[in-house]
Amino acid sequence: MYDYIKGIITTITPEYIVVETGQIGYQIITGNPFSFQRLEGTDAQVFLYQHVREDNISLFGFQTTEERYLFKKLLSVSGIGPKSALAIIASGDVVPLITAIESEDDVYLTKFPSVGKKTARQIILDLKGKLADVATNEIIYNVPENDIVAGLSPALEEAVLALEALGYSTRELKKIIPKLAKEADLTSDAYIKLALRLMTK
């Protein structure tokens, strides 16, 4: 396994860079090759990950060990291959990504190419709590608030969340919450029964 390469960056393309060392040019695939542009023609260090398949051996390059670590973690997620993992970390800033994983922000994750809702949930399931040693001090743990229950009484909030779990949509619940909120001092079970009656009218 290669750890890093030191040499002159001689070529930058939309898909890879070439690092020459010992009179050999190594083709290295990176998430954003043009982020190496300031280093072109200079003696640079690129951290490596060697990916081996039956029909291909590829070198993937990173500017920091944190990027490489995160790349390897993403590869462990079902449904994430090298190209998808590279696209996810191509911005070069791992903090927002890790923050999204720790905060279970699947909406943020779906903005990346080839990452749908199912894959985003799989990334959170597989990696949450396993990235603490990467940029720990900069990560903001911010679990998105469920705005549908904001400002409701504890009993009504519990009832609404239970109805969500039963499969009722946000649109359906928003229609009846004002009516439920007018009924004071009900238990969560009573709110649920009332909600079901209102939705079957």
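The structure presented is a predicted model; accordingly, all values stated were derived computationally and were not measured.

1. A short note on the pairing of strand S5 (residues 56–62)
Along S5, five of the seven residues are buried, which leaves the element largely enclosed by surrounding structure. Sheet topology places strand S4 (residues 43–53) next to S5; seven bridges connect them, and they run antiparallel. Bridge pairing in S5 places Arg53 opposite Asn56. The hairpin turn running from S4 into S5, its antiparallel successor, is two residues long.

2. Side note on the domain arrangement of the chain
It is common to give the size of an interface as the accessible area that goes away when the parts come together. We note that the domain assignment places domain 1 (4–62), domain 2 (65–134) and domain 3 (154–200) within the chain. Centre-to-centre separation of domain 1 and domain 3, based on C-alpha positions: 57 Å.

3. Some thoughts on the nonpolar core
In terms of nonpolar packing, the biggest core is built from 26 residues, with Phe71, Leu74, Ile88, Leu109 and Ile123 touching the most fellow members. Put simply, the parts of the chain that give this core at least two residues each are S5, helix H1 (65–75), helix H2 (82–88), helix H3 (94–102) and helix H5 (117–127). With five residues, H3 is the largest single contributor of residues to this core. Counting residues domain by domain, this core receives three or more from each of domain 1 (4–62) and domain 2 (65–134). Residues contacting Ile88, with those up to four places away along its chain left out, are Leu74, Ile80, Leu97, Phe112, Val115 and Ile123. In this structure, Leu156, Ile176, Ile192 and Leu194 belong to the second largest nonpolar core, which totals 16 residues.

4. Here we look at unusual backbone geometry
Positive phi values are uncommon outside glycine, yet Glu104 reaches one of about 60 degrees. Relative to the helices and strands, Glu104 resides in the loop between H3 and helix H4 (106–109). The phi angle at Ser114 is positive, at roughly 70 degrees, despite the residue not being glycine. For Ser114, the position within the fold is in the loop between H4 and H5. By relative accessible area, which is 62% here, Ser114 ends up exposed.

5. Observations regarding the pattern of salt bridges
Considering all chains together, one arrives at six salt bridges under this definition. A salt bridge links Arg121 to Glu104, with the nearest nitrogen and oxygen atoms 3.8 Å apart. Of this pair, Arg121 sits in helix H5 while Glu104 sits in the loop between H3 and H4, and the two are 17 residues apart along the sequence. Its relative accessible area of 36% is what places Arg121 among the partly exposed residues. Taking the relative accessible area as the measure of exposure, Glu104 reaches 34% and is therefore partly exposed. We note a salt bridge from Lys117 to Asp106, for which the minimum N-O separation is 3.2 Å. One end of the pair, Lys117, is in helix H5; the other, Asp106, is in helix H4, and 11 residues separate them in sequence. We classify Asp106 as buried; its relative accessible area is 11%. The network of salt bridges with shared partners includes Glu104, Asp106, Lys117, Arg121 and Lys128.

Each value, and the rule that gives it
- Residues numbered from 1 in each chain as written.
- Predicted model: local features only at pLDDT ≥ 70, side-chain atom pairs only at ≥ 80, totals over all residues.
- Heavy atoms only, no water.
- Buried < 20%, exposed > 50% of the residue type's maximum accessible area, 1.4 Å probe, protein only.
- Helix = DSSP H or I, 4+ residues; strand = E, 2+ residues; numbered from the N terminus.
- Pairing = 2+ DSSP bridges.
- Domains from an automatic or database assignment.
- Core = buried A, V, L, I, M, F, W, Y, C linked by side-chain atoms within 4.5 Å.
- Contact = heavy atoms within 4.5 Å.
- Salt bridge = Lys/Arg side-chain N within 4 Å of Asp/Glu carboxyl O.

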